[in-house]
Every structure is written in structure tokens, then in C-alpha cells.
Amino acid sequence: MNIDQKKYLLTKEGISKLKEELNHLINVKRPEVIKSIQEAREQGDLSENADYDAAKNTQHEIEKRIEEIHEILNYAEIIKTKKSDELKVKVGSTVTIYDSSERKESEYEIVGEVEADPDHNKISNLSPLAKAILNKTVGTQVEIHGVEEPYKIKILKITY
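Every value quoted in this text rests on a predicted model; they were computed, and no experiment measured them. (Residues numbered from 1 in each chain as written. Predicted model: local features only at pLDDT ≥ 70, side-chain atom pairs only at ≥ 80, totals over all residues. Heavy atoms only, no water.)

Peer 1: Which parts of the structure should I look at to understand unusual backbone geometry?
Peer 2: One can expect most non-glycine residues to show negative phi and most peptide bonds to be in trans. At arginine 103, a position not held by glycine, the phi torsion is positive, near 55°. Arginine 103 gets classed as exposed once you look at its relative accessible area, which sits at 68%. Phi at asparagine 121 is positive, roughly 60°, even though this residue is not glycine. (Buried < 20%, exposed > 50% of the residue type's maximum accessible area, 1.4 Å probe, protein only.)

Dropping the structure here:
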């Protein structure tokens, strides 16, 4: 592996989802777009054929995504979490925090950037919140910077 090569932190679930997506792209989407290109070619003049252009653009996007998934899977590092005597926030842990500015509790899973999905409370280990709480323990209070308005949180619970 190239020393400068990026590692992609992924959960086992994240790797499984990427493999499913890759399989779908290769075995379903790619053949569909090839068929669309063939049908568009049969229409004649390709210089003014919008269907052909659209199919070629779609093919390019599919091939680009296939290449991207291969890259991620080739350099994936599975997030391993171990229980220890002192629970610390790590990539792969789920953390319950109390946000004092919003006066509410929230729960987040810390994942690698590839799996980040804020709509499902999966935040990247590179996000300001995750950076501030990594390696911290229950009861720790921290101020989150790197956002428009810094805010304070307290770690209430850590699970693996």
C-alpha cells in the first residue's frame, strides 16, 4: 500500500452495503445502460441524439462509482471496538450527549466519512463534534468548535 494512500474506516455493515451497491451496479445498472446505448445507436445520427448522450453520461457515472467503491473496499479498515475498563469514545461507538444550548439529549454513532449519514445519526469521525469527543469518557464536558456557533455538550453514555 502506498504510504500516502488513504484508509477508509468502515463498519462491517458499511462494507456489506458497499458490496451490495457494487453488485447492483455491475449486474443490473451497467447492463441496463449498455442496452440503452445500443438502442440509442439504432436511432441513427449520434451527433444530435439526446438519448445516446444521456446514456453515455449515465454510463460514465456508473463506471466512476464502481471505481470509487473498488478503491474504498481495497483500502477499507474495519472499525474494531473493544470494551475496556474505561469506556472512551472511539470510531464505531455510539454516544449519547446532552447539548446544553438545545437542552436535549441526542445519540450518534461515530463512523468513518464514507458511512456518515447525519439523517440517521451517523456522524463522520472528521466532523467537529466527533473530533471534540473522541477519546473522551462519560461525564466529560466539551465545547464544540469548527461550527458557526460553538456549543457545549456533555457525554452521558458510550456503547459499542
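Back to the text.
Peer 1: What is the right way to read the packing of helix α1 (residues 12–41) against helix α2 (residues 50–74) from this model?
Peer 2: When two helices pack together, their arrangement is given by the angle between the helix axes and the distance between those axes. Axis separation between α1 and α2 bottoms out at 9 Å; the angle between their running directions is 160°. The angle between α1 and α2 falls in the class roughly antiparallel. Regarding α1 and α2, the two cross each other, and that crossing is left-handed. (Axes fitted to C-alpha atoms, helices over the stretch in contact; angles between N-to-C directions. Helix = DSSP H or I, 4+ residues; strand = E, 2+ residues; numbered from the N terminus. Parallel < 35°, antiparallel > 145°, perpendicular 65-115°, else oblique. Left-handed = near helix turned anticlockwise from the far one by under 90°.)

Peer 1: Where do I start with the nonpolar core in this structure?
Peer 2: Of all hydrophobic cores here, the largest spans 16 residues; its most connected members are Val89, Val95, Ile110, Leu129, Ile133, Ile153 and Ile155. Looking at this core, the elements that each hand over two or more residues are β3 (94–99), α3 (128–133), β6 (141–144) and β7 (151–159). Once residues within four sequence positions are removed from consideration, isoleucine 110 is found in contact with Val89, Lys90, Val91, Gly92, Ser93, Val95, Ile123, Asn125, Ala130, Ile133 and Leu134. (Core = buried A, V, L, I, M, F, W, Y, C linked by side-chain atoms within 4.5 Å. Contact = heavy atoms within 4.5 Å.)

Peer 1: Help me understand the pairing of strand β4 (residues 104–111) in this model?
Peer 2: Successive residues of a regular strand alternate their side chains across the two faces of the sheet. Pairing analysis gives six bridges linking β3 to β4, with the strands arranged antiparallel. What sits directly across from tyrosine 98, in β4, is glutamate 105. Pairing geometry for β4 and strand β5 (residues 122–124), over three bridges, is parallel. The partner of glutamate 109 across the bridge, within β5, is lysine 122. (Pairing = 2+ DSSP bridges.)

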